[in-house]
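Report on the structure
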Amino acid sequence: MYYALTALALKNSFETSKHGQLIGWFNKEFIASGKVNSKFGKILHNAFQNRTKGDHDAFISFNQQEVDIMLFEMVEFIDEIKRCLAKLL
């Protein structure tokens, strides 16, 4: 998701190496402006929280149902980013 979003940012002349700045940019330019449904901002936020927990918490596990939901949302998010990129071509 991060790299798909980075591609969208680069196509829009925005560059950063910070996840938080990239998410903030996406929220401002695409969610707040209404270009993208707000559910994609929530998906991105949840994915970032889960990634952070996985990286920093001592013991973290996700059950199969949680993983299935995350996978579905990830595919949905990337498809939306592809749609945004296609509009720019």
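Preceding block: the structure.
**Digging into the overall build of the chain**
Looking only at helices and strands, one finds four helices and zero strands in the chain. In sequence order, the secondary structure elements of the chain are arranged as α-α-α-α. By residue count, 26% of the 89 residues in the chain fall in the buried class. Within the chain, residue pairs in contact and separated by at least 24 positions form 51% of the contacts whose partners lie at least 6 positions apart. Once the 11 positive and 10 negative side-chain charges of the chain are each reduced to a mean point, those two points are 9 Å apart.

**Quick notes on helix α4 (residues 64–88)**
Helical geometry note: an α-helix holds 3.6 residues per turn, so side chains three or four residues apart project in the same direction. Spanning 25 residues, α4 covers 36 Å between terminal C-alpha atoms, matching the ideal 36 Å at 1.5 Å per step. Taken residue by residue, α4 has F77, E80, I81, C84 and L85 as its buried positions. In this structure, the buried side of α4 is in contact with α1 (2–11), α2 (19–31) and α3 (38–56). At the N-terminal end of α4, a side-chain oxygen is found 3.0 Å from the backbone nitrogen of Q65, two or three residues along, and the residue is N63.

**Digging into the side chain of E80**
Looking at the element boundaries, E80 is found in helix α4. A relative accessible area of 12% means that E80 is categorised as buried. In terms of polar contacts, E80 uses its side chain to reach the side chain of R83, at 2.4 Å. In this view, E80 contacts V36 and F40; residues no more than four positions away in its chain are not counted.

**Some remarks on a nonpolar patch on the surface**
Taken together, the side chains of I60, F62 and V67 define a hydrophobic patch exposed on the protein surface, amounting to about 210 Å² of accessible area. Mapped onto the elements, F62 comes out in the loop between α3 and α4.

**A word on α2**
For α2, the complete set of buried residues consists of L22, I23, W25, F26, F30 and I31. For α2, the angular spread of buried residues about the axis comes to 165°, placing them on one side. In α2, the exposed positions angled more than 90 degrees off the buried face are occupied by G20 and K28. Close packing links the buried residues of α2 with α1, α3 and α4.

**Regarding the nonpolar core**
L5, L8, W25, F26, F77 and I81 are the most contacted members of the largest nonpolar core, which has 18 residues in total. Contributions of two or more residues to this core are made by α1, α2, α3 and α4. Considering every element that reaches this core, the biggest residue donor is α2, with six residues. Leave out the neighbours within four places in its chain, and I81 touches A4, L5, L8 and F26.

The rules behind these values
- Numbering of residues starts from 1 in every chain and runs along the sequence as written.
- Owing to the predicted nature of the model, reporting of local features is limited to residues with pLDDT of at least 70; listing and counting of side-chain atom pairs is limited to 80 or more, with chain, interface and lining totals taken over all residues.
- Based on all heavy atoms of the structure, the side-chain values leave hydrogens and waters out of the count.
- Secondary structure elements follow DSSP: runs of H or I of four or more residues count as helices, runs of E of two or more count as strands, with numbering from the N terminus.
- For each residue, the accessible area found with a 1.4 Å probe, counting protein chains only, is set against the maximum for its type, and the residue is called buried under 20%, exposed over 50%, and partly exposed in between.
- Should any heavy atoms of two residues lie within 4.5 Å, those residues are counted as being in contact.
- Residues scored as positive are Lys and Arg, those scored as negative are Asp and Glu, and His as well as the terminal groups of each chain are ignored.
- By convention, the charge on Lys lies at NZ, on Arg at CZ, on Asp at CG and on Glu at CD.
- How far a helix is expected to stretch is found by multiplying one less than its residue total by 1.5 Å.
- Under the rule applied, a polar contact is a pair of N or O atoms within 3.5 Å (in protein, one hydrogen donor and one hydrogen acceptor; residues adjacent in sequence only if both atoms are side-chain atoms).
- Exposure above 30% relative accessible area and the absence of a salt bridge qualify a residue for a patch, where like charges join within 9 Å and nonpolar side chains (Val, Leu, Ile, Met, Phe, Trp, Tyr) within 5 Å.
- Using a 1.4 Å probe, the Shrake-Rupley method yields the accessible areas, and only the shown protein chains count as cover for residues.
- A pair is scored as a salt bridge if a Lys or Arg side-chain nitrogen falls within 4 Å of a carboxyl oxygen belonging to Asp or Glu.
- It is the directions from the helix axis to the C-beta atoms that the arc portrays.
- Within this scheme, the nonpolar core is defined by two criteria: the residues are buried Ala, Val, Leu, Ile, Met, Phe, Trp, Tyr or Cys, and they are joined through side-chain atoms within 4.5 Å.

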